[in-house]
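What the coordinates show
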Amino acid sequence: MPSPPSDPIRTDAIEPHLGSALTCVLTHWLSRQGGLLAIKDAASGRYEFVNAAMAALLGRAVPDIVGHVDAELVDPALATAWRAADQTALAQEQPLSTEHRFEWGGARHDFQVLRLATAAQPDGSRWLCSLWLDQLPLRQKDAQLRAALEQLEQQQRANEKLRLELSDQGLRDAATGLFTRSHFEDQLRREVDLSTREHREFALVLIEIDPFNEKVRAGGMAAEARVFEAMGRLLRGNTRAMDSSCRLDQQLFGVLLSGVGLATAHSRMEGLRRQCAKQIVVLDGEELGFSVSMGVASFPHTAGTQQELLAACDGALAEARRRGGNHLTLASIRFEA
């Protein structure tokens, strides 16, 4: 059997309450979205109403805005651009969507603005309503997401390249892709011998990851693994083929910079330290972070033997940690009679 016809909607019963209902919905929506609302007299351009968010943008109290035009409230260039958009909206019957990017009140703003002119009243008056939504937070999130995705792609390419280059897994640390301690000790002996025979210098760098922050600790072993992967990737990307980057202990790393003096080593490793502090490390959508402490020494300027070099570099690292971490310290240059 066909279903009985439904009762038609009685718009005459709804219309008396529609205005207040829409006002209530719009007010709550603007509050949640941080939206700005302004209503102007179409003929004069004077503000008839602004909400608190719009008043905050203009940097004035609501009573100091109502009755004034943009030219009395903002810079001339800004007022001209806004007035031009207002005139365009008044000239057409459809809503007008525009973008306004400007600096005001010491901050950068990026708004998507929807303007709509009301129909003329019996006395000929019209109002221009504008709804402003700040796009800057959304664009910043998009930029962060793009940067994270690009970094993940770079990481995947670097991991694949590393996998192809690893002919002997015994020389590499699986978590970071760096050489192991045994390889580091062999390379250190070779560098000392080469420097002694050819009267050339090289630099030794000891790097320790600072105590993990709360986010990394909460993420457990999975979060720590992401940090170690990032550390290995940064070390490989900031050293040459002739250098040696090694993992010496759980959070301790060593770098041998062949043919490099103390000043050059300081410059390069300071850049690496800053990269570590800014590195984006993500686990399950949560952005992690880490920092490192560094000690830098050179042979033969800060030490004359391998053991003295290690001791000098370890002392510089201890001083960097004593200064609160996220710091690079140079070992003292020895002076001999």
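Quick note: structure is the one above.
A few points on the structure. (Residues numbered from 1 in each chain as written. Predicted model: local features only at pLDDT ≥ 70, side-chain atom pairs only at ≥ 80, totals over all residues. Heavy atoms only, no water.)

Description of the overall build of the protein chain
Put simply, the test is: Strands are runs of DSSP state E lasting at least two residues, helices are runs of H or I lasting at least four, and both sets are numbered from the N terminus onward. Here the term buried applies to any residue with accessible area under 20% of the maximum for its type, exposed to any over 50%, and partly exposed to those in between, with areas from a 1.4 Å probe on protein chains only. Residue contacts are counted whenever heavy atoms from the two residues lie within 4.5 Å of one another. All accessibility values rest on the Shrake-Rupley procedure with a 1.4 Å probe; residue burial counts only the protein chains present in the view.
Each helix and strand in the protein chain was counted, giving eight helices and twelve strands. Out of the 337 residues in the protein chain, the part that is buried amounts to 39%. The long-range fraction of contacts in the protein chain, counting pairs at least 24 apart against all pairs at least 6 apart in sequence, stands at 58%. For the protein chain, the accessible area works out to roughly 19600 Å², and carbon and sulfur atoms hold 54% of it.

Observations concerning the environment of Leu248
Positionally, Leu248 belongs in the loop between β7 (244–247) and β8 (252–258). On the accessibility criterion, Leu248 (11% relative accessible area) is buried. Sequence spacing of Leu248 and Arg181 is 67 residues, and the spatial spacing of their C-alpha atoms is 4.9 Å.

Observations regarding the sheet that holds β8
Note the following rule: Criterion used throughout: strands pair if DSSP finds at least two bridges between them. Every axis in this analysis is a line fitted to C-alpha atoms, fitted for helices over the stretch in contact. Angles between the N-to-C directions lie between 0 and 180 degrees.
On the basis of which strands lie adjacent, the open sheet formed by five strands has the order β7-β8-β6-β11-β12 and mixed pairing. Of all strands in the sheet, those with a lone pairing partner are β7 and β12 (328–330), marking the two edges. Neighbour-to-neighbour, the strand axes of the sheet open up by a mean angle of 15 degrees, direction not taken into account. Sheet topology note: the strand β6 (residues 202–209)/β8 ladder contains seven bridges and is antiparallel. Pairing of Ile207 across the sheet is with Phe253, part of β8. Relative to β6, helix α6 (residues 214–237) is tilted by about 165 degrees, and along the sheet it contacts β6, β7, β8 and β11 (292–299).

A closer look at a nonpolar patch on the surface
Note the cut-off: Patches here: salt-bridge-free residues with over 30% relative accessible area, like charges joined within 9 Å, nonpolar side chains (Val, Leu, Ile, Met, Phe, Trp, Tyr) joined within 5 Å. Whenever Lys or Arg places a side-chain nitrogen within 4 Å of a carboxyl oxygen from Asp or Glu, that contact is recorded as a salt bridge.
Together, Leu145, Leu149 and Leu152 line one region of the surface with nonpolar side chains, adding up to about 280 Å² of accessible area. Topologically, Leu145 is positioned in helix α4 (residues 136–165).

Describing the environment of Pro211
The topology assignment puts Pro211 in the loop between β6 and α6. Note: C-alpha distance between Pro211 and Ser291 (80 residues apart in sequence) is 8.4 Å.

Focus on the side chain of Gln187
The following threshold applies: Counting of polar contacts relies on pairs of N or O atoms within 3.5 Å, with two restrictions inside protein: one atom must be capable of donating a hydrogen and the other of accepting it, and residues adjacent in sequence are counted only when both atoms are side-chain atoms.
Mapped onto the elements, Gln187 comes out in helix α5 (residues 181–198). Of the residues examined, Gln187 reaches a relative accessible area of 15% and is grouped as buried. Of note is the side chain of Gln187, whose polar atom sits 2.9 Å from the side chain of Arg190. Not counting residues up to four positions away in its chain, the partners in contact with Gln187 are Ser244 and Leu256.

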